[in-house]
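Observations on the model geometry
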Amino acid sequence: MSASRPAAVIVLAAGEGTRMKSRLPKVLHEICGRSMLGHVLAAAEELRPERTVVVVGHGRDRVTQHLKDTTPGVSTAVQEQQKGTGHAVRMAVEELRAQGVDLSGTVVLTYGDTPLLRGETLSDLASAHEAAGNAVTVLSARVPDPAGYGRIVRDASGAFVGIVEHADATEEQRAVDEINSGMYAFDGAHLADVVDRLSTDNAKGEEYITDAAAILRGDGHRVDATVARDWVEIQGVNDRVQLAEARRLLNDRLLTGHMREGVTVVDPATTWVDTGVRIGRDTVIEPQTQLRGRTAIGEGARVGPGALLADTTVGDDAVVRHLVAEEAEIGSGVSVGPYAYLRPGAALDNGSKVGTFVEVKNSTIGKGSKVPHLTYVGDADIGQGVNVGASSVFVNYDGVTKNRTTIGDHARTGSDNMFVAPVNVGDGAYTGAGTVVREDVPPGALAVSSGAQRNIEGWVSRKRPGSAAAEAAQRALQGGDADSAGKADDQ
């Protein structure tokens with residue numbers, strides 16, 4: 001049975017997270033291309049709730065701005081002082097009331113620091129809750145080490161009895177491995193009533209949402225717990241160590257999904273992907289590769305080793321090795337690297353090549369064109385079938401503005417060229433080695449900028465006497481004279 005559309009999802013994200021030891025609010029720490037809060041909201045969105053409200057407190061301006069930038073349909077409730085989870089939920093309920101939300105349906109409660117949570121787990125919780133007609137359903141989990149968690153207490157028949165905190169549990173209860181995740185599905189009307197009845201009669205003087213289950217059960221309402229399929233999903237992140245552990249688990253989950261869909265990942269231990277990455281079938285991801293943001297890779301490509309691609313597209317059957325690329329477009333059958341850098345705006349058409357120690361920025365490289373090595377291409381448009389000689393520089397900046405260079409189709413440019421923009425090299429034109437191209441080159445013309453070669457005889461012996469070069473030159477000259485004399489005697 002699938003759950004009906006929930007009236008609301010409440011996400012608690014007001015805590016300071018002191019153990020993170022960070023200026024950044026805990027829920028905004030990122031793993032696999034999203035903030036922790038973003039992962040939770042993505043899971044919640046799978047339920048298609050009528051409303052989603054995030055309770056903010058510590059660092060609320062930054063959290064609120066993050067929500068506006070990433071999930072503008074989400075509203076916020078402010079918890080001015082962190083007075084416990086129950087108080088936070090009460091702030092959310094008051095916000096929903098102010099919005100005129102009908103709370104007669106299901107309200108799901110979760111936390112902004114649980115980035116491994118899946119939407120299907122929340123859906124299972126809501127479905128079990130509605131099928132049983134409960135006032136509240138606790139999401140529980142069976143964990144290998146329950147120490148420190150509240151235990152789910154059941155009677156001999158397995159029916160839910162209550163939640164007992166670790167400090168208050170008997171030895172028998174502490175042996176129980178089913179724990180309270182802190183996530184719940186509520187009947188909205190019962191939740192609206194119970195949050196006004198939570199007590200602060202405890203050591204911290206705070207309102208705890210865990211008390212809601214006991215209150216509702218005491219009122220004679222149905223209360224139960226449903227076990228999550230995978231206990232790791234309910235784990236909260238409280239420090240940098242747990243953040244790294246969650247990142248590893250989520251990365252493994254993402255890579256497994258890609259491999260199940262026909263992608264070869266040679267070494268999952270050194271391969272990292274973000275949630276927004278798409279990879280086609282029969283693509284091979286080599287070791288030490290990072291795919292970030294909304295990178296999309298076609299079918300049959302080969303990426304890595306040692307590649308870092310961010311928000312970059314890679315076409316079918318392309319090969320990229322030891323590459324850093326940001327906001328670049330790599331066409332089908334393209335070869336890039338090793339040791340190349342594609343900056344934003346680099347667009348490589350099908351069948352082109354960018355080789356070793358080449359940097360491309362805000363430039364297009366035409367179909368079948370080659371920039372093999374030791375070159376900077378900035379603000380340029382290179383046509384089809386072009387070969388750019390080694391050690392060339394597209395001189396795009398005059399100290400005030402960036403200017404463009406255009407190279408026509410099937411041009412051939414010599415090694416060690418300087419293209420001083422703005423300048424155009426016509427279709428089929430050639431440029432000689434060492435040329436500084438300052439003026440347009442007509443189609444089919446040869447551009448050269450250096451004069452005839454001039455040799456200054458004896459310069460080394462006069463200017464560098466006693467040097468190794470001078471001695472080598474002297475030996476060569478003497479040997480040459482002897483050879484010439486021998487030949488003359490023979491004649």
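These notes cover the structure that comes with them. Residue numbers run consecutively from 1 along every chain, following the written order of its sequence. Totals for whole chains, interfaces and linings use all residues, but because this is a predicted model, local features are given only for residues with pLDDT of at least 70 and pairs of side-chain atoms are given and counted only at 80 or more. Side-chain measures here rest on the full set of heavy atoms in the structure, leaving out hydrogens and waters.

Looking at the pattern of salt bridges
Spelled out, the test is: By definition, a salt bridge exists where a carboxyl oxygen of Asp or Glu is found within 4 Å of a side-chain nitrogen of Lys or Arg. In this text, helices come from DSSP runs of H or I with a minimum length of four residues, and strands from runs of E with a minimum of two, each type numbered from the N-terminal end. For each residue, the accessible area found with a 1.4 Å probe, counting protein chains only, is set against the maximum for its type, and the residue is called buried under 20%, exposed over 50%, and partly exposed in between.
Summed over all chains, the structure comprises 21 salt bridges. Between Arg 142 and Asp 177 there is a salt bridge whose closest N-O contact spans 3.0 Å. Of the two residues, Arg 142 is situated in strand S7 (residues 136-142) and Asp 177 in the loop between helix H5 (171-174) and strand S10 (178-187); the sequence distance between them amounts to 35 residues. Residue classification places Arg 142 among the partly exposed residues on the basis of a relative accessible area of 44%. By relative accessible area, Asp 177 is classed as partly exposed at 31%. Connected via shared salt-bridge partners are Arg 142, Arg 154, Asp 177, Glu 178 and Asp 224.

Notes on the packing of aromatic side chains
Convention followed: Aromatic rings from Phe, Tyr and Trp, with only the six-membered ring used for Trp, were paired whenever their centres fell within 6.5 Å, and each pair was classed as stacked if the ring planes differed by under 30 degrees, edge-to-face if by over 60, and tilted otherwise. Either the NZ atom of lysine or the CZ atom of arginine qualifies as a charge over a ring when it sits within 6 Å of the ring centre and within 35 degrees of the ring normal.
Per the counting criterion, the structure on display carries three aromatic pairs. Residues Tyr 339 and Phe 357 carry aromatic rings whose centres are separated by 5.9 Å and whose planes lie at 15° to one another, so their mutual orientation is stacked. Highlighted residues: Tyr 339 in the loop between strand S24 (335-336) and strand S25 (340-342) and Phe 357 in strand S27 (residues 353-361), separated in sequence by 18 residues. The positively charged end of Lys 402 is found above the aromatic ring belonging to Tyr 397, 5.5 Å away from the centroid.

Concerning the nonpolar core
This is how it is decided: Residue types Ala, Val, Leu, Ile, Met, Phe, Trp, Tyr and Cys, when buried and joined through side-chain atoms within 4.5 Å, form a set referred to as a nonpolar core.
If you look at the biggest cluster of nonpolar residues, it comprises 66 residues, and the most contacted ones within it are Ile 10, Leu 37, Val 54, Val 89, Phe 186, Leu 191 and Ile 209. Counting residues in each nonpolar core, the second largest holds 56 residues, with Leu 250, Val 273, Ala 346 and Phe 394 among its members.

Regarding the side chain of Glu 286
Using the following cut-off: Identification of polar contacts relies on pairs of N or O atoms within 3.5 Å, with a donor-acceptor requirement for protein atoms, meaning one able to donate a hydrogen and the other able to accept it, and with residues adjacent in sequence counted only if both atoms are side-chain atoms. The contact criterion used is simple: two residues touch if any of their non-hydrogen atoms lie within 4.5 Å.
Along the polypeptide, Glu 286 turns up in the loop between strand S15 (284-285) and strand S16 (289-292). Glu 286 sits in the buried class, given a relative accessible area of 14%. Polar contacts involving the side chain of Glu 286 include one to the side chain of Arg 302, which spans 2.9 Å. Ignoring sequence-local partners within four residues, the contact set of Glu 286 consists of Val 266, Thr 271, Arg 302, Val 303, Gly 304 and Pro 305.

Some words on helix H4 (residues 119-132)
Our working rule: Here the expected span of a helix is defined as 1.5 Å times the quantity of residues minus one.
In this model H4 runs 20 Å from its N-terminal to its C-terminal C-alpha over 14 residues, within 8% of the 20 Å that 1.5 Å per residue would give. Along its buried surface, H4 packs onto helix H1 (36-45), strand S6 (106-111), S7, S10 and strand S11 (223-227).

Some thoughts on the sheet that holds strand S30 (residues 380-382)
Worth spelling out the cut-off: Only strands joined by at least two bridges in the DSSP assignment are considered to pair.
Strand order in the open sheet made by the nine strands is S14-S17-S20-S23-S26-S28-S30-S33-S36, with parallel pairing throughout. The open sheet has two edge strands with one neighbour each: strand S14 (278-279) and strand S36 (423-425). Two strands pair when backbone bridges link them, and S14 and strand S17 (residues 296-297) are joined in this way by two bridges, in the parallel orientation. In the strand pairing of S17, Ile 279 is matched with Ile 297.

Quick word on the pairing of strand S8 (residues 151-154)
By the bridge criterion, four bridges tie S8 to strand S9 (residues 160-164) in an arrangement that is antiparallel. Each residue of the ladder has a partner; that of Arg 151, found in S9, is Val 164. Where S8 hands over to S9, the hairpin turn is made up of five residues, of which Gly 158 adopts a positive phi near 95°.

A short note on helix H2 (residues 60-70)
The criterion, for reference: This arc is built from the directions going out from the helix axis to the C-beta atoms.
Along H2, the residues classified as buried are Val 63, His 66 and Leu 67. Taken down its axis, H2 places every buried residue within 100° of arc, on the same side. Facing away from the buried surface of H2 by more than 90 degrees, the exposed residues are Asp 61, Lys 68 and Asp 69. At its buried positions, H2 is contacted by strand S3 (34-35), H1, strand S4 (51-56) and strand S5 (75-78).

Thoughts on the side chain of Ser 352
By secondary structure assignment, the location of Ser 352 is in the loop between strand S26 (347-348) and S27. A relative accessible area of 1% means that Ser 352 is categorised as buried. In this structure, Ser 352 is in contact with Gly 333, Val 334, Ser 335, Ile 365, Gly 366, Gly 368 and Ser 369, ignoring residues within four places of it in sequence.

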